Amino acid sequence: MAMIDDSAARAALSAFGRVGTAMITPFTAEGGLDRKAVEAVAEHLITAGNDMLVVSGTTGESPTTSDAEKAELVRIVRGVAAGRAKVIAGVGTNDTSHSIALARSAAEAGADGLLLVTPYYSKPSQASIVAHMGAVADSTDLPVMLYDIPGRSSVPLETPTLLELAEHPRILAVKDAKGRLDAACEVLSHGTLAYYSGEDALNLPLLAIGAVGIVSVVGHVASDRLSALVSHAANDDFAAARALAWELVPLVDAIMNHMPGVVAAKAALELQGVIGTRATRLPLLPADAGQMEFVRRALQRSEYLT
């Protein structure tokens, strides 16, 4: 791990794992939570090489699931994982008291850790973000992974903010989707906070500068190759890692750049027979016929569908 202090890496890997997928939340055709499909997706991902399952992230359509459903998702996935993978619950909102309630509910449901996104829409100051993140981290005994995605939250986690938050004993890592490798290098050089790639297109460069793992959307389809990529990087075999990353470029593009990632992931899992329906909740619409054909061709080219 080229630029990260070993103790920070070890703590994060013990708390969260190395290869994670931000799970979709399967729904029935009528719009309810599809519990059997949740179990099927969790088993599919663990079998494919994930040791971390993130529930109730944006890819899990967290804005449209209820608090009760979020807790139930943790319980279901934890039951499937049975110690084979860490279950990380997304609890970030733009309301600190609501995030605290979600964190406590996730802890009671058996989550192994929390994913905490920067408060969105409100555009809080960096000092406000520190206060928000600290309050949520203080609310349970669970380890926390911050989520830095200014493309959705509008406000980045600046380097001084990340270094201040790293002083909290339970804030161990950041899922990085900021697209600023220079900023990631700066934080990593301090050796106090572990990094996970949160953007599939940048998995290889983030691993190359010291990230310890990934939290992927493309992992719904390609966890086997992504797991191998992460393993090669962990062993400093970047020739092999690079070959896999290049091999995955067309699939990453197909899943991430032509429709919302959750829409593409659900389409792929339906085509593969993992889930019975690609249903989403408004304001998202499920993949239409043309999008389904686009995803089908991408899966076939990548040899994930015959």
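Residues numbered from 1 in each chain as written. Predicted model: local features only at pLDDT ≥ 70, side-chain atom pairs only at ≥ 80, totals over all residues. Heavy atoms only, no water.

Student: Outline empty space enclosed by the protein, listing residues and values.
Tutor: Evaluated as defined, the whole model comprises two cavities of 30 Å³ or more. Its volume calculated, the largest cavity comes out at about 60 Å³. The wall of the largest cavity is formed by Val-55, Ser-56, Asp-67, Lys-70, Ala-71, Val-74, Ala-89, Gly-90, Val-91, Leu-102, Ser-105 and Ala-106. Counting residues per element, the ones that place at least two in the lining of the largest cavity are helix H3 (67-81), strand E3 (86-90) and helix H4 (96-109). Classifying every residue of the lining of the largest cavity gives seven nonpolar, three polar and two charged. (1 Å grid on protein atoms, 1.4 Å probe; cavity = no way out; pocket = protein on both sides within 12 Å on 5 of 7 lines; lining within 4 Å. Points joined across faces, edges and corners; volume = space filled by probe spheres on them. Helix = DSSP H or I, 4+ residues; strand = E, 2+ residues; numbered from the N terminus. Nonpolar A, V, L, I, M, F, W, Y, C, P; charged D, E, K, R; others polar.)

Student: Would you mind going over the packing of H4 against helix H5 (residues 126-138) in detail, with residue names and values included?
Tutor: H5 packs onto H4 with a crossing angle of 25° between their chain directions and a minimal axis gap of 9 Å. Viewed along their axes, H4 and H5 adopt a mutual orientation that is roughly parallel. As H4 packs across H5, the resulting crossing turns out to be right-handed. Contacts between H4 and H5 involve Thr-96, Ser-99, Ile-100 and Ala-103 from the first element and His-132, Ala-135 and Val-136 from the second. (Axes fitted to C-alpha atoms, helices over the stretch in contact; angles between N-to-C directions. Parallel < 35°, antiparallel > 145°, perpendicular 65-115°, else oblique. Left-handed = near helix turned anticlockwise from the far one by under 90°. Contact = heavy atoms within 4.5 Å.)

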